[in-house]
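Chain by chain, the residues run as shown.
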Amino acid sequence: MPLPLFLPCAAGVEEWLFEEVRRLLPETSPTRIERTRGGVALEGEPLEVMTLNLESRLAQRVLIEVAEGPYAHENDLYELARTVDWQQWITPQHTLRVDTTAQRSPLRSLNFAALRIKDAVCDQLRDATGERPSVDIRQPDLPLVLHAGAERAALYVDSSGESLFKRGWREDVGDAPLKETLAAAMLAAAGWRGTPPAGGALHDPCCGSGTIAIEAAQIACGIAPGLKRRFGFERLLPFSSAEMRAQLQRLRSAAQARIHASAVPIFASDVSFRMVDFARRNAQRAGVEAAIVFNGGDALERPAPVLPAELPGTLMINPPYGERMEVGGKAGRPPAQRRDGPEVRHATGDDGGDNRALPDDFFARLAAHWKRAYTQHPAGWTAHVLSPDMKLPSAMRLKESRRVPMWNGPIECRLFRFDLIAGSTRPARVQEP
Ligand SMILES: C[S@@+](CC[C@H](N)C(=O)[O-])C[C@H]1O[C@@H](n2cnc3c(N)ncnc32)[C@H](O)[C@@H]1O
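Residues numbered from 1 in each chain as written. Predicted model: local features only at pLDDT ≥ 70, side-chain atom pairs only at ≥ 80, totals over all residues. Heavy atoms only, no water.

A. Inspection of the overall build of the chain at higher detail. When you go through the chain residue by residue, the secondary structure sums to eleven helices and 17 strands. Counting only residues that meet the buried cut, the chain has 52% of its 433 residues in that class. For the chain, the share of sequence-separated contacts (at least 6 apart) that also reach a separation of at least 24 residues comes to 78%. (Helix = DSSP H or I, 4+ residues; strand = E, 2+ residues; numbered from the N terminus. Buried < 20%, exposed > 50% of the residue type's maximum accessible area, 1.4 Å probe, protein only. Contact = heavy atoms within 4.5 Å.)

B. Expanded view of the side chain of Ser-160. Inspection of the secondary structure puts Ser-160 in the loop between β8 (152–158) and α5 (180–189). Ser-160 sits in the buried class, given a relative accessible area of 0%.

C. Up close: the state of the cysteines. Scanning the model with the defined rule gives zero disulfides in all. Between Cys-206, a cysteine without a disulfide, and Cys-207, which holds the nearest cysteine sulfur, the sulfur-to-sulfur distance is 8.3 Å. (Disulfide = S-S within 2.5 Å.)

D. How the structure looks around empty space enclosed by the protein. Enumeration according to the criterion identifies one cavity of 30 Å³ or more in this entry. Volume-wise, the largest cavity comes out at about 30 Å³. Together, Ala-189, His-384, Arg-402, Val-404, Leu-415 and Arg-417 line the largest cavity. Breaking the lining of the largest cavity down by element, the ones donating at least two residues are β16 (402–408) and β17 (411–420). For the lining of the largest cavity, a count of residues per class yields three nonpolar, one polar and two charged. (1 Å grid on protein atoms, 1.4 Å probe; cavity = no way out; pocket = protein on both sides within 12 Å on 5 of 7 lines; lining within 4 Å. Points joined across faces, edges and corners; volume = space filled by probe spheres on them. Nonpolar A, V, L, I, M, F, W, Y, C, P; charged D, E, K, R; others polar.)

E. A look at the packing of helix α3 (residues 74–82) against helix α4 (residues 110–129). Look at α3 against α4: their axes get within 8 Å of each other, and the N-to-C directions meet at 35 degrees. You can see that α3 and α4 cross each other, and the crossing is right-handed. Residue-level contacts link Glu-74, Asn-75, Leu-77, Tyr-78, Ala-81 and Arg-82 of α3 to Phe-112, Ala-113, Arg-116, Ile-117, Asp-119, Ala-120, Asp-123, Gln-124 and Asp-127 of α4. Here the residues of the contact of α3 with α4 are counted per class, giving seven nonpolar, two polar and six charged. (Axes fitted to C-alpha atoms, helices over the stretch in contact; angles between N-to-C directions. Left-handed = near helix turned anticlockwise from the far one by under 90°.)

F. Fine view of the sheet that holds strand β10 (residues 266–270). Pairing is mixed across the open sheet formed by seven strands, whose spatial order is β11-β10-β9-β12-β15-β17-β16. The open sheet has two edge strands, β11 (292–296) and β16, and neither has a second partner. Averaged over neighbouring strand pairs, the angle between their axes works out to 20 degrees when direction is ignored. By the bridge criterion, seven bridges tie β16 to β17 in an arrangement that is antiparallel. Following the sheet pairing, Asn-408 is matched in β17 by Ile-411. Across the face of the sheet, helix α6 (residues 211–220) comes into contact with β9 (201–204), β10, β11 and β12 (313–317) while running at roughly 170 degrees to β10. Strands β10 and β11 of the sheet are contacted by helix α8 (residues 273–285), whose axis makes an angle of about 165 degrees with β11. (Pairing = 2+ DSSP bridges.)

G. Focus on the pairing of strand β4 (residues 63–70). Where strand β1 (residues 3–8) lies against β4, two bridges are found, and the strand directions are antiparallel. For Leu-5, the partnering residue across the bridge sits in β4 and is Ile-64. The pairing of β4 with β8 spans seven bridges and is antiparallel. Residue pairing for β8: Glu-65 is matched across the bridge by Tyr-156.

H. A look at the environment of Ala-364. Examined against the element boundaries, Ala-364 turns out to sit in helix α10 (residues 362–373). Separated by 30 residues in the primary sequence, Ala-364 and Ser-394 place their C-alpha atoms 8.7 Å from one another. Ignoring sequence-local partners within four residues, the contact set of Ala-364 consists of Ala-395, Met-396 and Arg-397.

I. Quick peek at the packing of aromatic side chains. Enumeration over the complete set of coordinates arrives at six aromatic pairs. The interplanar angle of 15 degrees and the centroid separation of 6.3 Å between the aromatic rings of Phe-416 and Phe-418 together place this pair among those described as stacked. Neither Phe-416 nor Phe-418 differs from the other in exposure class; each is buried. Grouped by ring-pair contacts, the aromatic residues Phe-231, Phe-233 and Phe-239 constitute a single cluster. Over the aromatic face of Phe-18 sits the side chain of Arg-35, whose NZ or CZ is 4.5 Å from the ring centroid. Residue placement shows Lys-179 over the ring face of Phe-165; its charged tip is 4.8 Å from the ring centre. (Phe/Tyr/Trp six-rings, centres within 6.5 Å; stacked < 30°, edge-to-face > 60°. Lys NZ or Arg CZ within 6 Å of the ring centre and 35° of its normal.)

Here you go:
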């Protein structure tokens, strides 16, 4: 019996997640996959639940819907949760946790709603077996997610356990790291697929802990994002039989067998040598150290990587935002240490209120450097910059060829595309109000 599944993703990423699910499940009829606000809904067998957990780069989780219906009060949610046969999912020796999300919900307390769901699961198992499961908020065997809408609520089993952006390789964390799922979304939105015609070489000159380059290298090497981690479903009864375990093992072995050398070069650099070191160690754990060329250096000065004439290049950056991070290198030096001393504005970040140097002209200088260093390459470079600054193109004096809305956590951003072909860069004309 197919299960109703929901794969949530960051706002703005639904289209690419939809394409990814269709690619990962070619046997599934396209009519059974639906793009909705905030994610993708489909019907899938347990095998597909396992495949999506192992292979999706863009989904935050794979949720299995177990109950859905109208409600007005917390007690209605108790009744809704009692409609599920929980003995199919866990034994009283398992643990559970209930998380809630709500949109225009009439409920006064989501904590109380979570409590009622927990009661329903525990009461049903106690009635049936005389024993009740306990709650574990850290590592529950059965993570449940309640989504309470205005009139209807849906209850899901979270088959992923830990969120899927946790790929299992990140131990060294820099300031303001991107979530792996967002880095993957930037690459998907750029059409970068790790082959010479689909994006060509990749360079992140502000790589931090390396998220973009590592995601890119895994794509280029055919490494499934979930190969280094375990999933919540592995502890649930529907996935615990010997046959299910063997199926998961077969999926993992097939994914392992698909790994190959990258067909395109990938470059990562950062002004902070500590960050480059972090990125290199993360890449090693992710199995892609050999696929990435790491360097220290200022993005305002580093020469463009030299590529074969016919290979296009993709610059992809998640630059410092100012409020969250410091710009380093040539532009970030305090005025006293600088030869050319542009104005430095002291921004008060909302991440603790400390003063951080934010040079006004960092992006203008970055663009000037790109115009000098990246426009000579015959096959051309295309730059993609993730920024919350809607006026970034005018600050860079570049005209963007595309802007894609994306959310970096709570920060509304755009992924701007600039085509760096000789003669194509010109002053910005279009500005968003
Ligand atoms: C927002 S972080 C990037 C985070 C990264 N995407 C990750 O996931 O870890 C910005 C990075 O830009 C680097 N940076 C700041 N100024 C730079 C410059 N002038 N040249 C190169 N890197 C710079 C910082 O050291 C920081 O690692």
